[in-house]
Amino acid sequence: MYVAKYIFMITAALILGGSGCVGYVAGPTNGIPAGSKSIRVDFFDNDTLEPRLVTAVNRSLKRHLQQDGTYRLETRGKADLVVNGKLTEFLRNGISYTPDDLLRVQDYIMKLTARIKVTDGVTGEVIFEGDVAGSSPVRVPKDLTSAQRQAVPLIADDLARQATSFIVDGKWPSEPAGP
């Protein structure tokens, strides 16, 4: 009686515990072997009025692609894929105001939009082109410039995370479609 009860409990625990990992995939999710293709990230153009955004985006995008491991990161020279783009918009929108002065913004949402283009490094064919955005809420105690300077790496990181997802999980024409 006790043995049957324990076997039932163990079986139920294994079934329920194992079902949480059903959608998990180890390694690259786009079907190509990890590191079999290379990628190079060029510096983006900056059409915004904010300085230092390009460096933050470039650094974050390279870091995310490296951490993902699907593509081998090339810093110069030939690569199978080349990523470049243009920072098109940097917005600061007030989302909350100080209780004693309704004209003074206390919290902003800062958003950076980039037009990303991925090209084949050999043929020059455009494989992916699209807009990607990153954003972050920012508390501004006294100095907006300092708060924005601290927020730029967070915004760039969010944008890089979105771009990496498009680049890595995109369905490229030259690759077979997955199951």
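A word on unusual backbone geometry
Unlike most non-glycine residues, Arg 52 shows phi in positive territory, near 70°. Summarising the element assignment, Arg 52 is placed in the loop between strand E2 (45-46) and helix H2 (53-68). Overall, the relative accessible area of 55% leaves Arg 52 in the exposed class.

Focus: the packing of aromatic side chains
Here the distance between the centres and the angle between the planes together describe a pair of aromatic rings. Tallying each qualifying case throughout the model produces one aromatic pair. Taking the centre distance of 5.5 Å and the plane angle of 20° together, the rings of Phe 128 and Phe 166 count as stacked. Taken together, the residues span a long stretch of sequence, with Phe 128 in strand E6 (residues 126-139) and Phe 166 in helix H3 (residues 144-169) at a distance of 38 residues. Judged by relative accessible area, which is 39%, Phe 166 ranks as partly exposed.

Thoughts on the pairing of E6
Here 13 bridges tie strand E5 (residues 101-120) to E6, and the two strands are oriented antiparallel to one another. When the sheet's bridge partners are listed, Val 118 is paired in E6 with Phe 128. From the end of E5 to the start of E6, which pair antiparallel, there are five residues, and Gly 124 there has a positive phi angle of about 80°.

Section: the environment of Ala 160
Tracing the backbone through its elements, the reader meets Ala 160 in helix H3. In this structure the C-alpha to C-alpha distance between Ala 160 and Asn 58, which are 102 residues apart in sequence, comes to 8.3 Å. Filtering out sequence-adjacent residues up to four positions away, Ala 160 remains in contact with Ser 60, Leu 61 and His 64.

Thoughts on the side chain of Ser 38
You can see Ser 38 is positioned in strand E1 (residues 37-41). Residue Ser 38 is classed as buried on the basis of its relative accessible area of 4%. Residues contacting Ser 38, with those up to four places away along its chain left out, are Arg 72, Glu 74, Lys 78, Ala 79, Asp 80 and Leu 81.

What to know about H3
Look at H3: 37 Å from first C-alpha to last across 26 residues, which is about the 38 Å you get at 1.5 Å a residue. Taking the largest bend as the criterion, H3 deviates by roughly 35°, centred on Ala 151, and proline Pro 153 comes between one and four positions later. Among the residues of H3, the N-terminal cap falls to Asp 143, whose side-chain oxygen and the backbone nitrogen of Thr 145 are separated by 3.3 Å.

Regarding the confidence of the model for the protein chain
Model confidence for the protein chain is summarised by a mean pLDDT of 84, while 77% of its residues fall at 70 or above. Mean pLDDT across the secondary structure elements of the protein chain bottoms out at helix H1 (residues 2-18), with 61, and peaks at E2, with 98. This stretch, residues 22-26, has a pLDDT under 50; its non-local contacts, to residues over four places away or in other chains, come to zero contacts.

Rules behind the numbers
- Residues numbered from 1 in each chain as written.
- Predicted model: local features only at pLDDT ≥ 70, side-chain atom pairs only at ≥ 80, totals over all residues.
- Heavy atoms only, no water.
- Helix = DSSP H or I, 4+ residues; strand = E, 2+ residues; numbered from the N terminus.
- Buried < 20%, exposed > 50% of the residue type's maximum accessible area, 1.4 Å probe, protein only.
- Phe/Tyr/Trp six-rings, centres within 6.5 Å; stacked < 30°, edge-to-face > 60°.
- Pairing = 2+ DSSP bridges.
- Contact = heavy atoms within 4.5 Å.
- Expected span 1.5 Å × (residues − 1).
- Bend = angle between axes of the 7 residues up to and from the residue.
- Polar contact = N/O pair within 3.5 Å; in protein donor to acceptor, adjacent residues only side chain to side chain.
- pLDDT = per-residue confidence, 0-100.

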